[in-house]
Amino acid sequence: MEKYYRVYAQVDMDSIVHNLKEINKIKDSKSELMAIIKADGYGHGAIPVSKVLLNNGADRLGVALAEEGIALRKNNIKAPILILGFTPENQILELLKYDLTQTVFKIEMAEMLSKMAKRHSLTAKIHIKVDTGMGRIGFEPDDESIKAIKHIKSLPNLEIEGIFTHFSRADEIDPQYTDQQIYQFENFINTLEDDGIKIPIKHASNSAGLLKFKNAHYELTRVGIAVYGLYPSKDLNNTIHLKPSLSLKSHIIFLKKVKGGTPISYGGTYIASQDSVIATIPVGYGDGYPRALSSKGRVLINGEHAPIVGRICMDQLMVDVTHIKGVQDGDEVVLIGTQKNAQITVDEIAHLTDTINYEILCGLGKRIPRVYTSKNHMIQSVDYF
Ligand SMILES: *Cc1c(COP(=O)(O)O)cnc(C)c1O
């Protein structure tokens with residue numbers, strides 16, 4: 001495939017199916033699985049991935065934005081979809097028409113949803129968000145919020161289907177903070193129930209919660225990063241057996257010999273220390289490949305590591321291939337993934353660039369076509385333009 005693409009992200013659907021099986025093994029069997037596919041399915045391509053997820057055990061989908069949910073509906077995806085974040089007023093009617101479920105974290109949102117739904121004879125489905133320690137959106141778990149939720153419950157054309165919270169530290173070794181969040185969440189729900197408000201679907205766990213807090217799977221788990229085969233943190237590495245589903249591949253477009261002393265790329269920050277062979281790869285930070293990997297990162301060619309030399313440009317980068325026997329123009333280059341017995345992980349790139357695997361995946365840009373494979377055969381491809 002590398003001959004036909006400048007660069008492409010290969011998404012192995014078999015790995016996604018494998019990860020779902022692994023997730024289902026550890027998940028409380030009474031708990032539904034909401035696969036989180038915000039930010040275009042963590043860069044994998046939300047629509048093709050959603051279809052595979054829903055055919056292989058995911059019960060629901062979670063997105064961040066109304067437009068992400070609408071794009072799924074327009075592609076004939078019928079499963080329940082929860083919007084985890086904020087929806088502005090001008091998108092609420094569309095949200096209702098497309099039967100998307102909205103997270104509610106303040107009274108005004110519920111009132112707006114109810115009003116719009118009533119006007120158009122629709123029903124707004126909502127999940128209430130409770131902040132038990134993330135310090136982000138959500139009702140505080142206090143008496144005032146009990147009153148607010150009672151009020152929301154009384155609004156017409158509105159159905160409170162779920163109530164949830166979000167863990168901020170479930171990926172750490174010390175469980176204490178998360179235990180506290182769980183305690184607060186359950187306590188708040190008990191108070192609501194004592195007041196006669198019973199909400200059917202309670203949920204709290206992200207991937208880290210799924211892996212580590214089996215007492216907090218409730219009626220639903222919201223699993224993102226693990227679906228894609230990565231772990232939420234080092235501390236949770238290999239807790240279950242996941243397979244990374246995304247590879248990033250390109251090929252050499254130019255090879256040249258340079259004399260020792262030759263500067264490579266902008267600013268001449270790298271100078272060949274000896275006579276060298278330098279390959280140019282047509283991938284750059286304009287594709288979301290981090291510039292911070294300049295003279296730090298590496299790629300795979302013929303199953304060997306080749307170090308990135310000099311600054312990464314917007315559309316190209318250079319690697320030193322002096323040591324790679326038989327290297328040729330057109331050779332496959334793996335920037336993320338495996339080649340022969342060698343591997344470059346998203347975690348390696350995240351570590352070198354001082355960030356988390358999530359950000360590297362989400363950063364992969366729309367210039368990169370996504371190629372979907374099963375048993376190493378292409379089954380579908382998506383070009384963004
Ligand atoms: C993104 C997100 C998740 C998924 O988190 P992972 O760590 O990727 O599993 C779950 N819940 C909410 C509210 C989120 O925003």
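These figures come from a predicted structure and were not determined experimentally. (Residues numbered from 1 in each chain as written. Predicted model: local features only at pLDDT ≥ 70, side-chain atom pairs only at ≥ 80, totals over all residues. Heavy atoms only, no water.)

Topic: the UniProt feature "binding site: substrate" (unreviewed entry) in the protein
Where we set the bar: UniProt positions are given in the numbering used here, feature names are shortened, and annotations may be inferred rather than shown by experiment. By definition in these notes, contact holds between two residues if any of their heavy atoms fall within 4.5 Å. Helix numbers and strand numbers start at the N terminus; a helix is a DSSP run of H or I with at least 4 residues, a strand a run of E with at least 2. The classification of residues rests on relative accessible area computed with a 1.4 Å probe and restricted to protein chains. Under 20% of the type maximum is buried, over 50% is exposed, and intermediate values are partly exposed.
Residues given the UniProt feature "binding site: substrate" (unreviewed entry) here are R136 and M314. A maximum C-alpha distance of 34.3 Å among these annotated residues, which run over 179 residues, shows that they spread across the structure rather than meeting at one spot. If we skip the residues at most four places from it in the chain, R136 touches K129, D131 and H166. Along the polypeptide, M314 turns up in the loop between β16 (304–307) and β17 (317–320). Classification of M314 by relative accessible area gives partly exposed; the value is 41%. Not counting residues within four places of it along the chain, the set of residues in contact with M314 comprises G284, Y285, G286, D287 and R367.

Some details on the site of the ligand
In plain terms, the rule: Nearness is judged by heavy atoms alone; a residue qualifies as near a molecule or strand once a single heavy atom is within 4 Å of it. Two N or O atoms form a polar contact when they lie within 3.5 Å of each other; inside protein one atom must be a possible hydrogen donor and the other a possible acceptor, and for residues adjacent in sequence the pair counts only when both atoms belong to side chains. We get accessible surface area from the Shrake-Rupley algorithm with a probe of 1.4 Å; when it comes to residues, only the shown protein chains can shield them.
Contacts to the ligand come from 13 residues, most closely from K38, Y42, S207, R222 and Y358. Measuring from an oxygen atom of the ligand, one finds a side-chain N or O atom of S207 at 2.6 Å. Note that an oxygen atom of the ligand is positioned 2.6 Å from one of the side-chain N or O atoms of Y358. Protein coverage of the free-state accessible area of the ligand, which is 390 Å², stands at 92%.

A short note on the packing of aromatic side chains
Stated formally: Working definition: a ring pair exists when centres of Phe, Tyr or Trp rings (six-membered ring for Trp) sit within 6.5 Å. Plane angles under 30 degrees give stacked, over 60 give edge-to-face, the rest tilted. Criterion for a charge above a ring: Arg CZ or Lys NZ at most 6 Å from the ring centre, at most 35 degrees from the ring normal.
Per the counting criterion, the structure on display carries five aromatic pairs. Between Y5 and Y8, the ring centres sit 5.3 Å apart and the planes meet at 45°, which makes this aromatic pair tilted. Of the residues examined, Y8 reaches a relative accessible area of 1% and is grouped as buried. With a centroid separation of 4.7 Å and an interplanar angle of 25°, the aromatic rings of Y42 and Y228 are classed as stacked. Separated by 186 residues along the polypeptide, Y42 in helix α2 (residues 38–42) and Y228 in the loop between β9 (220–223) and β10 (246–251) bring together distant segments of the chain. Relative accessible area serves as the criterion here: at 1%, Y228 is assigned to the buried category. Aromatic ring contacts, followed pair by pair, group Y42, Y228 and Y358 into a single cluster. Positioned above the aromatic ring of Y384, the side-chain terminus of K366 is 4.4 Å from the ring centre.

A few points about the sheet that holds strand β14 (residues 276–281)
Rule in force here: Here the rule is simple: two strands pair whenever DSSP picks up at least two bridges between them. Fitted lines through C-alpha atoms give the axes, limited to the stretch in contact for helices. The angle between two N-to-C directions lies from 0 to 180 degrees.
Pairing in this open sheet of three strands is antiparallel, and the strands run β11-β14-β17 from one edge to the other. Two strands close off the open sheet at either side, each with one partner strand: β11 (254–258) and β17. If you compare each strand with its neighbour and ignore which way they point, the axes differ by 30° on average. Sheet analysis places β11 next to β14, joined by five bridges and oriented antiparallel. Bridging across to β14, F254 finds its partner in T280.

A word on the UniProt feature "domain: Alanine racemase C-terminal" (unreviewed entry) in the protein
As annotated by UniProt and renumbered to match this structure, "domain: Alanine racemase C-terminal" (unreviewed entry) occupies residues 245–373. The span residues 245–373 is 11% helical and 37% strand by assignment, and the distance between its end C-alpha atoms comes to 10 Å.

Examining the domain arrangement of the protein
The condition is simple: Residue ranges for the domains originate in an automatic or database domain assignment. Two parts placed together each lose some accessible area under a 1.4 Å probe, and adding up what both lose gives the buried area.
Per the domain assignment, the segments making up the protein are domain 1 (31–227) and domain 2 (246–382). Taking only C-alpha atoms, the centre of domain 1 and the centre of domain 2 are 38 Å apart. Residue-level contacts link nine residues of domain 1 with 10 residues of domain 2. Buried surface at the junction of domain 1 and domain 2, both sides included, amounts to about 850 Å², of which 66% is carbon and sulfur. Broken down residue by residue, the surface that domain 1 buries against domain 2 is led by H44, P48 and I225, which jointly contribute 53%.

Overview of the side chain of T280
One can find T280 in strand β14. Accessibility expressed as a relative area gives 9% for T280, which makes it buried. Excluding its chain neighbours within four sequence positions, the residues that come into contact with T280 are H251, I252, I253, F254, Q316, L317 and M318.

A short note on the packing of helix α7 (residues 143–153) against helix α8 (residues 176–194)
For clarity, the cut-off: Note that the term roughly parallel is reserved for angles under 35 degrees, roughly antiparallel for angles over 145, roughly perpendicular for angles of 65 to 115, and oblique for everything else. Crossings are classed by handedness, with left-handed meaning an anticlockwise turn of the near helix from the far one by less than a right angle and right-handed meaning a clockwise turn. Note on residue categories: nonpolar means Ala, Val, Leu, Ile, Met, Phe, Trp, Tyr, Cys or Pro, charged means Asp, Glu, Lys or Arg, and polar means any other residue, Gly included.
Look at α7 against α8: their axes get within 11 Å of each other, and the N-to-C directions meet at 50°. The angle between the axes of α7 and α8 places the two elements in the oblique class. Helix-helix and strand crossings are classified by hand; for α7 and α8 the assignment is right-handed. Two secondary-structure elements touch here, α7 through S145, I146 and I149 and α8 through F188, T191 and L192. For the contact of α7 with α8, the per-class residue count stands at four nonpolar, two polar and no charged.

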